[in-house]
Amino acid sequence: MRVIIDDLDRNAAAAVESRFDYAVAADGRYAPCQGCFGCWTKHPAECFMKDSLSQVCRIIGQADELVIVTKNLYGSYSADVKNVMDRAIGSSTPFSTYRDRQMHHTLRYGRHALRKVIVYGDITDAEKDTFRFTAERNAVNDGYDRSEVLFISDISELEDVL
Amino acid sequence: MKTVFINCSPRKNFCASAYFLFLQRLFTRGKKVTERLHTQADVQRILPQLKDAEAAVFCLPLYVDGVPSHVLRFMEQLESYSKENGLHLKIYCIANNGFIEGKQNEPLMQVFENFCTRSGNEWCGGVGIGGGVMLNVTRIVFMVQAAQFVIYSLINLFNTGDPFPLSLVKSFAENTLFILFLNLGCLFYLVRMGHHISRRTSADKRYTRIMVPSFIFIVFADIFFLIVSVINGGVFRGWFAKKQPNNKNE
């Protein structure tokens, strides 16, 4: 299954999202994670907050290929995209294991093939380094076999790199 | 010489960030103000506090290898506010994560450094703490033990006239020293950073962890989540199940 998370303008997003099996619109119309661990310990793979992200971990967890389109924010995902990621930790379990010689959570849905991050917006070299490093860590954390980070200077280039 | 300490944890009670913030306050001199960042109302209260401050200490948990989304939103607002008001704050950061390796906080630290470059504030470093949840548990265990010590002392006082028999003091001291040992790394680096915050100098980035071997920590972390999941009922609701979405549009 190919899944996309994007913070694109809703008008621009439609054409891009139609190329995927499932699209998560990072439009900011949801609450931030409360850090309660309820999606691990109370209602597994489900968030107690009943908004558009309450079961998003079940979608992201089953992605063979995950594409994230995000505006740069200090070398991090935009707040709206990061909000989606924070609310999706139920795709793992509370149990721990070692991956890449560091402690991580075991994966509820098993390993994935490709995690691709496409970053747009003004970005410095230091922020690019941070983004590459973060995406690499995310790929290990979420059990991806391959990780790619691409930087585009203008959103019109998006079609070429999807 | 005002320092604003910002607890960025979304959790209301007994969060690890509050524990580390409490310790950092203890080791910092000068005028101190503590704020909690959770809602937009908090943002409107915190920004004016920063106007006449020299330093800000962010204390936050690591979420998915990075800064939690509600903190990123605040940072965007703080960037605008800093530029409008000509702020040149010295920014320090205490990040904690549930995994044992404090080094896993490195991406978060880099984001704060990049934020400072963009916003005109000064990045002064931070402490990344591994095993933050478990260290917070040791804090709670210590509080329970201290309460027990007081209760047993009172009982002994009424029964024997001696409130502090040697066995009671020895047992309490042993347990306290053990908890102190587990916290040694984070105490050392928070004392060190407190020195830098007080002097307004750069502390650079340092990483530490709970003082137990990783293979033991991982067992205790699993036991911890097992107990919490039994209490909360998650174990009986498809704890490891590959659950399907109820509704594709959800």
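Only a predicted model underlies this, so the values are computations on that prediction, with no experimental measurement involved.

Visitor: Outline the interface of chain B and chain A, supporting the account with residue identities and numerical values.
Guide: Between chain B and chain A, the contact holds 53 residues from the first and 59 residues from the second. For chain B, the biggest contributors to the area lost against chain A are Val64(B), Phe99(B) and Arg118(B); these three give 13% of the whole. The interface formed by chain B and chain A contains three salt bridges. Among the ionic pairs, Arg73(B) bridges to Asp80(A), the shortest N-O distance being 2.5 Å. Seen at the junction of chain B and chain A, the total is 34 residue pairs in polar contact (both at pLDDT 80 or more). Mapped by element, the contributors of at least two residues to the side of chain B that touches chain A are helix 3 (69-85), helix 4 (106-119) and helix 8 (214-232) of chain B. No other element matches the ten residues that helix 8 of chain B contributes to the side of chain B that touches chain A. Among the residues making up the side of chain B that touches chain A, the classes are represented as 22 nonpolar, 17 polar and 14 charged.

Visitor: Talk me through the packing of helix 1 (residues 16-26) of chain B against helix 7 (residues 184-199) of chain B; I want residue IDs and the actual numbers.
Guide: Residue and element names in this part refer to chain B. In the contact formed by helix 1 and helix 7, the axes pass within 8 Å of each other and the chain directions differ by 50°. Judged by the inter-axis angle, helix 1 sits oblique to helix 7. Seen along the crossing, helix 1 lies across helix 7 with a hand that is right-handed. Here Phe20, Leu23 and Gln24 of helix 1 come into contact with helix 7, specifically with Cys186, Leu187, Leu190, Met193, Gly194 and Ile197.

Visitor: Hey, could you go over the sheet that holds strand 6 (residues 112-120) of chain A for me, with residue numbers and the actual values?
Guide: Residue and element names in this part refer to chain A. Across the sheet, five strands lie side by side as 2-1-3-6-7; this open sheet has parallel pairing. This sheet does not close on itself; its edge strands, each paired only once, are strand 2 (22-25) and strand 7 (144-152). Neighbour-to-neighbour, the strand axes of the sheet open up by a mean angle of 15°, direction not taken into account. Pairing of strand 6 with strand 7 involves eight bridges; the strand directions are parallel. Bridging from a neighbouring strand, Arg115 pairs with Ser147 of strand 7. With respect to the sheet, helix 4 (residues 79-86) is in contact with strand 1 (2-6), strand 2, strand 3 (65-71) and strand 6, its orientation differing from that of strand 3 by roughly 145°. Across the sheet, helix 5 (residues 125-142) is in contact with strand 3, strand 6 and strand 7; its angle to strand 7 comes to roughly 155°.

Visitor: How would you sum up the domain arrangement of chain B? Please name residues and give values.
Guide: Buried accessible area, meaning the area lost when the parts come together, often serves as the stated size of an interface. Splitting chain B by domain gives domain 1 (2-132 + 185-214) and domain 2 (137-176). Placing the centre of domain 1 of chain B and that of domain 2 of chain B at their C-alpha centroids yields a distance of 35 Å.

Visitor: Could you give an account of the pattern of salt bridges, with specific residues and numbers?
Guide: Tallied over the full model, the rule gives 23 salt bridges over all chains. Connected via shared salt-bridge partners are Asp6(A), Arg10(A) and Glu17(A).

Visitor: Would you mind going over empty space enclosed by the protein in detail, with residue names and values included?
Guide: Scanning all chains against the criterion turns up two cavities of 30 Å³ or more. Lining the largest cavity are 13 residues, with Cys33(A), Gln34(A), Cys36(A), Cys39(A) and Cys47(A) sitting closest to its centre. Reported here for the second largest cavity is a volume of approximately 40 Å³. As for the second largest cavity, its lining consists of Gly75(A), Ser76(A), Tyr77(A), Lys82(A), Thr134(A), Asp65(B), Gly66(B), Val67(B) and Val111(B). Residue composition of the lining of the second largest cavity, by class: three nonpolar, four polar and two charged.

Cut-offs applied
Residues numbered from 1 in each chain as written. Chains lettered and ligands numbered in written order. Predicted model: local features only at pLDDT ≥ 70, side-chain atom pairs only at ≥ 80, totals over all residues. Heavy atoms only, no water. Contact = heavy atoms within 4.5 Å. Buried area = accessible area lost by both parts, 1.4 Å probe. Salt bridge = Lys/Arg side-chain N within 4 Å of Asp/Glu carboxyl O. Polar contact = N/O pair within 3.5 Å; in protein donor to acceptor, adjacent residues only side chain to side chain. Helix = DSSP H or I, 4+ residues; strand = E, 2+ residues; numbered from the N terminus. Nonpolar A, V, L, I, M, F, W, Y, C, P; charged D, E, K, R; others polar. Axes fitted to C-alpha atoms, helices over the stretch in contact; angles between N-to-C directions. Parallel < 35°, antiparallel > 145°, perpendicular 65-115°, else oblique. Left-handed = near helix turned anticlockwise from the far one by under 90°. Pairing = 2+ DSSP bridges. Domains from an automatic or database assignment. 1 Å grid on protein atoms, 1.4 Å probe; cavity = no way out; pocket = protein on both sides within 12 Å on 5 of 7 lines; lining within 4 Å. Points joined across faces, edges and corners; volume = space filled by probe spheres on them.

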